[in-house]
Amino acid sequence: MTSYGRAPAYVQTPVGPFLNSLSVDRPLARYDLAGSIAHAEMLGQVGLLTPEEIGRLLHGLRQVAREVAEGTFPWQQELEDVHTNIEVRLTEIVGPVGGKVHTARSRNDQVALDERLYLRAAVSTLAHRLVRVQEALLRRASELRETPMPGYTHLQRAQPVTVGHYLLAHYWRFDRDLDRLFASVARANVCPLGAGALAGSTLGIDPDVVARRLAFDRAFENSLDAASDRDPLAELLFDLSLLAVHASGLAEEVVLFASKEFGFLERTPALGSGSSLMPQKRNPDAAELIRGKAGRAVGDLIALLTTLKGLPLGYDRDLQEDKAPVLDAVATLTAVLDTLGEVVLGLVFVPARLQQAVADPELLATDVAEELVRHGVPFRTAHDAVGAHLRAHDGTFVAAELARLPGADAETARTLDPATAVARRASAGGPAPAAVTRQLEAARSRLAARTSSLSSLDQKVGLVEELLNEERT
Ligand code: ARG
């Protein structure tokens, strides 16, 4: 038996400072406390604690929760991690009964539970921000529904689209990201508490009670798996990496479009700051940093996967390295999404430059070829004829000669109006304003459905706070 407030024997070692994880696992404190409350209640239900003991433990755990929230908790580095800090402090507050909270529990299943509760909250935070980015994209796409711009392949002008269509393309990428986050958090909704160190317990505990109390779908099936499963964290890091990669693509376009070479976007202060040396500079720093942070998110994913690779089953201390990359990626993406929302809302397009770019006749080469096809010319013949015409006339269409192409007539030149060309691209999912209107409707109803998934996730997240605040009756 340890004396109150002192380091228990199991953390006493000369390599303590190296084993210490308090600097990274402190953010898990509220989840750890909520998990302990549910655990203590379960111990009571199966008869391992008396009602009086449960009452004292819960009261003590809630006092610890207040100390953590108020910043008065006496963290002790020599207690190695958040779990032992909390147990020692609890024992100081409630006396020897504090030593009963760890009955039939190991730090191994405890940390696995803490991480799953943290994951829910992190996904909720991120999903709310992602939804805001999507709302910003929808707002801007609707405003710019009819504004033509060049669409690119190989970063070469290809065919005309609209700014609305372009922005919605980013919306759909983020829609899949949100879907992945929800799917990952749903798959992670299995409670590992009761796995013990690796092999459960002899004490007749009931993991289902804890699972239900914490709104998990069910308890684990295999204690050995449950104590070492970090799949939910790996999935989260993948989801965040791909989200960061998507954000980086949009950011790259902002950087390009805000260059004088493109000139599609004004270089507003909303995009970033200036140069300390060159008076004329206005840099798109925010977009550049969003682009740059993707490297960090991907690095976090690789760090975790590398830690997990080749680990034997059962808990291994390597697993302690799981938290730093996860916390880093969550903080990074939170900041990225906040800023991205601002950037999207603040984009100022330059209509004259877009107009000028979209007036490039080469953007309509495919449209002219398709016009010839409409008159029965095989597509390959039309492709060759239009290509030859453009090469002969320095990338422009010469109306008089255009009429002489196979299948062409005096009307063919009417194809050459950019606005008409966009309006004609009305196939499903295309850039024509009418098609974009339908796309916007689909996107809006999709987002509304997401918002309701988000509120059911938020209810689960709120449970932690409820457990910490609720005084037992
Ligand atoms: N700090 C540890 C971690 O984050 C907690 C579990 C420690 N378990 C143990 N048997 N040493 O993984």
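See above for the structure.
Residues numbered from 1 in each chain as written. Predicted model: local features only at pLDDT ≥ 70, side-chain atom pairs only at ≥ 80, totals over all residues. Heavy atoms only, no water.

The next subject is the overall build of the chain. On a plain count of helices and strands, the chain comes out with 18 helices and 4 strands. Computed over the C-alpha atoms, the radius of gyration of the chain is 30 Å, more than 25% above the 23 Å expected from 2.2 N^0.38 for a compact globule of 473 residues. Its C-alpha atoms give the chain principal-axis dimensions of roughly 100 × 55 × 45 Å. Within the chain, buried positions represent 51% of all 473 residues. Of all intrachain contacts in the chain linking residues separated by at least 6 positions in sequence, the fraction that spans at least 24 positions is 77%. (Helix = DSSP H or I, 4+ residues; strand = E, 2+ residues; numbered from the N terminus. Rg over C-alpha atoms; globule rule 2.2 N^0.38 Å. Buried < 20%, exposed > 50% of the residue type's maximum accessible area, 1.4 Å probe, protein only. Contact = heavy atoms within 4.5 Å.)

Let us look at helix α18 (residues 433-469). Along its 37 residues, α18 runs 52 Å from first to last C-alpha, staying within 8% of the 54 Å computed at 1.5 Å per residue. Within α18, the axis deviates most sharply at L463, by approximately 25°. (Expected span 1.5 Å × (residues − 1). Bend = angle between axes of the 7 residues up to and from the residue.)

So, on to the site of the ligand. Around the ligand sit S21, D81, H83, R107, N108, V111, Y315, R317, Q320 and K323, and those are all the residues in its vicinity. With respect to the ligand, the side chain of Y315 contributes an N or O atom lying 2.4 Å from an oxygen atom. Between the ligand and the protein, one listed contact pairs a nitrogen atom with a side-chain N or O atom of Q320 at 2.8 Å. Contact with the protein chains removes 87% of the 340 Å² of surface that the ligand exposes when unbound. In terms of residue count, the dominant contributor to the shell around the ligand is helix α6 (residues 107-143) (3 residues). Split into classes, the residues belonging to the shell around the ligand amount to 2 nonpolar, 4 polar and 4 charged. (Near = heavy atom within 4 Å. Polar contact = N/O pair within 3.5 Å; in protein donor to acceptor, adjacent residues only side chain to side chain. Areas by Shrake-Rupley, 256 points an atom, 1.4 Å probe, with all protein chains shown as cover. Nonpolar A, V, L, I, M, F, W, Y, C, P; charged D, E, K, R; others polar.)

Glancing now at the pairing of strand β1 (residues 148-153). One face of the sheet, then the other: side chains in a regular strand alternate in exactly this way. Pairing of β1 with strand β2 (residues 156-162) involves 6 bridges; the strand directions are antiparallel. Residue pairing in the sheet places Y152 in a bridge with R157 of β2. The hairpin turn running from β1 into β2, its antiparallel successor, is 2 residues long, and H154 in that turn takes a positive phi close to 55°. (Pairing = 2+ DSSP bridges.)

This part covers the environment of A112. Mapped onto the fold, A112 is located in helix α6. The class of A112 is buried, set by a relative accessible area of 2%.

It is worth spelling out the packing of helix α7 (residues 163-187) against helix α10 (residues 231-257) at this point. Between α7 and α10, whose axes approach to 9 Å, the crossing angle comes to 165°. Taken together, the axis directions place α7 and α10 in an arrangement best described as roughly antiparallel. In this structure, α7 meets α10 at a crossing whose hand is left-handed. Looking at side-chain class alone, the contact of α7 with α10 contains 11 nonpolar, 4 polar and 7 charged residues. (Axes fitted to C-alpha atoms, helices over the stretch in contact; angles between N-to-C directions. Parallel < 35°, antiparallel > 145°, perpendicular 65-115°, else oblique. Left-handed = near helix turned anticlockwise from the far one by under 90°.)

Okay, the side chain of K323 next. Structurally, K323 can be placed in helix α12 (residues 323-346). When sequence neighbours within four positions are dropped, the list of residues in contact with K323 reads V24, D25, L28, V111 and E115.

Owing to its 3.6 residues per turn, the α-helix brings residues three or four apart onto one side. Over its 17 residues, helix α3 (residues 29-45) runs 24 Å from end to end, which matches the ideal 24 Å to within 8%, given 1.5 Å per residue. Within α3, 15 of the 17 residues are buried, leaving the element largely enclosed by the surrounding structure. Looking one or two residues beyond α3, the residue adopting positive phi is G47, at roughly 85°.

With respect to the secondary-structure elements, V46 resides in the loop between α3 and α4 (51-70). If we ignore the near neighbours within four places in the chain, the residues touching V46 are G204, I205 and D206.

What follows covers the pattern of salt bridges. One pass over the full model with this rule turns up 32 salt bridges. With its nearest N and O atoms 2.7 Å apart, the salt bridge here joins D81 to R107. Placement of the pair is D81 in the loop between α4 and α5 (82-94) and R107 in helix α6, with a sequence separation of 26 residues. One salt bridge in this structure joins E115 and K323, with 3.5 Å as the shortest N-O distance. Separated by 208 residues along the polypeptide, E115 in helix α6 and K323 in helix α12 bring together distant segments of the chain. Exposure remark for E115: the relative accessible area of 5% places this residue in the buried category. Salt bridges sharing common partners tie together E80, D81, R107 and R317. (Salt bridge = Lys/Arg side-chain N within 4 Å of Asp/Glu carboxyl O.)

In short, the description is geometric, and any link to function would need to be established separately.
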